[in-house]
Amino acid sequence: MTTTAVTHIASLVTNDPSLGNGTPLGLIHDAAVVIDGDRIVWTGESSKAPATDNVLDAAGRAVIPGFVDSHSHLVFAGDRTEEFNARMSGQPYRAGGIRTTVAATRAASDDDLSANVARYLAEALRQGTTTFETKSGYGLTVEDEARALRIAGRHTDEVTYLGAHIVSPDYADDPAGYVDLVTGPMLDACAPHARWIDVFCEQGAFDGDQARAILTAGRAKGLHPRVHANQLSYGPGVQLAVELDAASADHCTHLTDADVDALAQGNTVATLLPGAEFSTRAEWPDARRLLDAGATVALSTDCNPGSSFTSSVPFCIALAVRDMGMTPDEAVWASTAGGAAALRRTDVGRITPGARADLVLLDAPSHVHLAYRPGVPLVSAVWRRGERVV
């Protein structure tokens, strides 16, 4: 293996306060990073960098950890342009929503679905995302859910079983029967291919009792819980997530004071998904309220064909700063270290010795430009596992 130093970094975000200026971002100015194989082995002032086989001069630009996108729905087929257009035109839309994608996904071939995942992951990589989670949830049969997870597993280790996305159209008149399927034969078929289990705990999807049964069954099979919680209305999702030690409660738009306190006192990360609010013109989550209470917050894209068809973490950072009360520092931390916390990972989301060498070189002198210059493609280079891939 060869060693590589990236030197003359104007501002290096390490996410390790002990390495930098004592803030959560652990900023080091006029910095360098040394990569050996797929790992970071040294960070510090550029003038003190050890000798390496290769040197890349950052020329006064910023370096941040690769983004950790901890919530996406990429195993799908079809398009919901009409739904979005109608929504943005102020018209009611009743063409089926998720069910439209379910029908298209069931009809697609394995190769087409895998190519679609690869396409959107390449798109995300060009924008600095080096770690991502993705879910099933557009099959809703035993065969189609297991197929989705096998396909997702070709592209990432962070795979989530979401058979409980909505009640399958095949069980429209028997939701209890669908819960039995999700916790029985479907779980048996899907558990070997997933790390996580998720449920959409919401009016019109699964109530608290159903969600508890689904998550408990998954945990008994070795899958760790995550929860779609409190997106559309107040409900039991957040409290259930904290009670079951879910890694993440995702959306968190409608929160009571008790919900906020539970997140602040527990180990469950509040993952905010501003792309969904942008695409649905819904109320923004109050990140400031969560942060001031002491909750751990992550930012993710929720990339999916219906409610948040974006793979851009920088876009979500800009939204979070502009409309959700986050500072630029907090938004960058949430989309890197926060995303890692939502996946219970310590090897990504930071630039510190021993961490995986996932770095993003920005065409800007500071990470603040991600919010300061919204919509501008600032990612100049990306390293994933020590290999330059952009």
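Note on numbering: residues in each chain are counted from 1, in written sequence order. At least 70 in pLDDT is required for a residue's local features to be given in this predicted model, at least 80 for side-chain atom pairs to be given and counted, and no such filter applies to totals for whole chains, interfaces and linings, which use all residues. With hydrogens and water excluded, all non-hydrogen atoms of the structure serve as input to the side-chain values.

## Re helix 2 (residues 98–107)
A simple rule labels every residue: compare its accessible area, found with a 1.4 Å probe on the protein chains alone, to the largest value its type can have, and call it buried under 20%, exposed over 50%, or partly exposed in between. Only DSSP runs of H or I reaching four residues or more are called helices, and only runs of E reaching two or more are called strands; each is numbered from the N terminus. All of the buried residues along helix 2 are Ile98, Thr101, Val102 and Thr105. Summarising the axial view, the buried residues of helix 2 lie within an arc of 105 degrees, below the 170-degree limit, and thus occupy one face. Contacts from the buried residues of helix 2 go to helix 3 (110–126) and helix 4 (142–153). For this quantity, the arc is that covered by the directions from the helix axis to the C-beta atoms. The criterion used for residue contact is that any of the two residues' heavy atoms lie within 4.5 Å.

## Quick word on unusual backbone geometry
One non-glycine residue, Leu140, lies in positive phi territory at about 60 degrees. Counting through the fold element by element, Leu140 comes out in the loop between strand 7 (129–135) and helix 4. Of note in the backbone geometry, Arg385 takes a positive phi value of approximately 50 degrees without being a glycine. Following the sequence through the fold, Arg385 ends up in the loop between strand 16 (379–384) and strand 17 (387–388).

## Here we look at the nonpolar core
What is meant by a nonpolar core is a set of buried Ala, Val, Leu, Ile, Met, Phe, Trp, Tyr and Cys residues, joined one to another through side-chain atoms within 4.5 Å. Counting residues in each nonpolar core, the largest one holds 87 residues, and the members touching the most others are Tyr161, Phe206, Leu263, Leu290, Leu299 and Ile317. Excluding its chain neighbours within four sequence positions, the residues that come into contact with Tyr161 are Ser136, Glu145, Leu149, Val182, Met186, Leu187, Cys190, Ala194, Trp196, Ile197, Asp198 and Leu223.

## Side note on the pairing of strand 9 (residues 196–201)
Counting buried positions along strand 9 gives six out of six residues, so the element sits mostly inside the fold. Residue alternation in strand 9 divides its side chains into two sets, Trp196, Asp198 and Phe200 and Ile197, Val199 and Cys201, and both sets are buried. In the sheet, strand 8 (residues 158–164) pairs with strand 9 via three bridges, with the strands oriented parallel. Bridge pairing in strand 9 links Tyr161 to Ile197. Between any two strands, at least two bridges found by DSSP are needed for them to pair. Where strand 9 lies against strand 10 (residues 224–225), two bridges are found, and the strand directions are parallel. From the neighbouring strand, Trp196 faces strand 10, where its bridge partner is His224. By definition, the crossover connecting two strands over a helix is right-handed if that path, from the first strand to the second, turns clockwise as seen with the strands pointing away from the viewer. After leaving strand 9, the chain enters helix 7 (residues 208–220) and then returns to the sheet as strand 10, a path that is right-handed.

## A closer look at empty space enclosed by the protein
With a 1 Å grid laid over protein atoms only, a set of points is called a cavity when a 1.4 Å probe fits there but cannot get out and a pocket when it is open yet has protein on both sides within 12 Å along at least five of seven lines; lining residues have an atom within 4 Å of a point. Grid points are joined across faces, edges and corners, and a volume is the space filled by probe spheres set on the points. Scanning the model with the defined rule gives one cavity of 30 Å³ or more in all. Roughly 60 Å³ of volume is contained in the largest cavity. In terms of lining residues, the largest cavity is bounded by Asp69, Ser72, Leu74, Tyr120, Leu121, Ala124, Thr129, Phe132, Thr301, Cys303 and Ser311. Elements with a contribution of two residues or more to the lining of the largest cavity: helix 3 and strand 7. Counting residues per element, the lining of the largest cavity draws most heavily on helix 3, which supplies three residues. Its residues assigned to classes, the lining of the largest cavity comprises six nonpolar, four polar and one charged. Throughout, the ten residues Ala, Val, Leu, Ile, Met, Phe, Trp, Tyr, Cys and Pro are labelled nonpolar, Asp, Glu, Lys and Arg are labelled charged, and all others, Gly among them, are labelled polar.

## Notes on the pattern of salt bridges
Every case where a carboxyl oxygen of Asp or Glu lies within 4 Å of a side-chain nitrogen of Lys or Arg is listed as a salt bridge. Under the definition given, this model contains 20 salt bridges. Of the charged contacts, one joins Glu83 and Arg80 as a salt bridge, the two residues approaching to 2.7 Å between their closest N and O atoms. Taking the relative accessible area as the measure of exposure, Glu83 reaches 10% and is therefore buried. Accessibility expressed as a relative area gives 8% for Arg80, which makes it buried. Between Arg356 and Asp358 there is a salt bridge, with the nearest N and O atoms lying 2.8 Å from each other. The burial state of Arg356 is the same as that of Asp358; both residues are buried. Linked by salt bridges that have partners in common, Glu158, Arg195, Arg345 and Asp347 make up one network.

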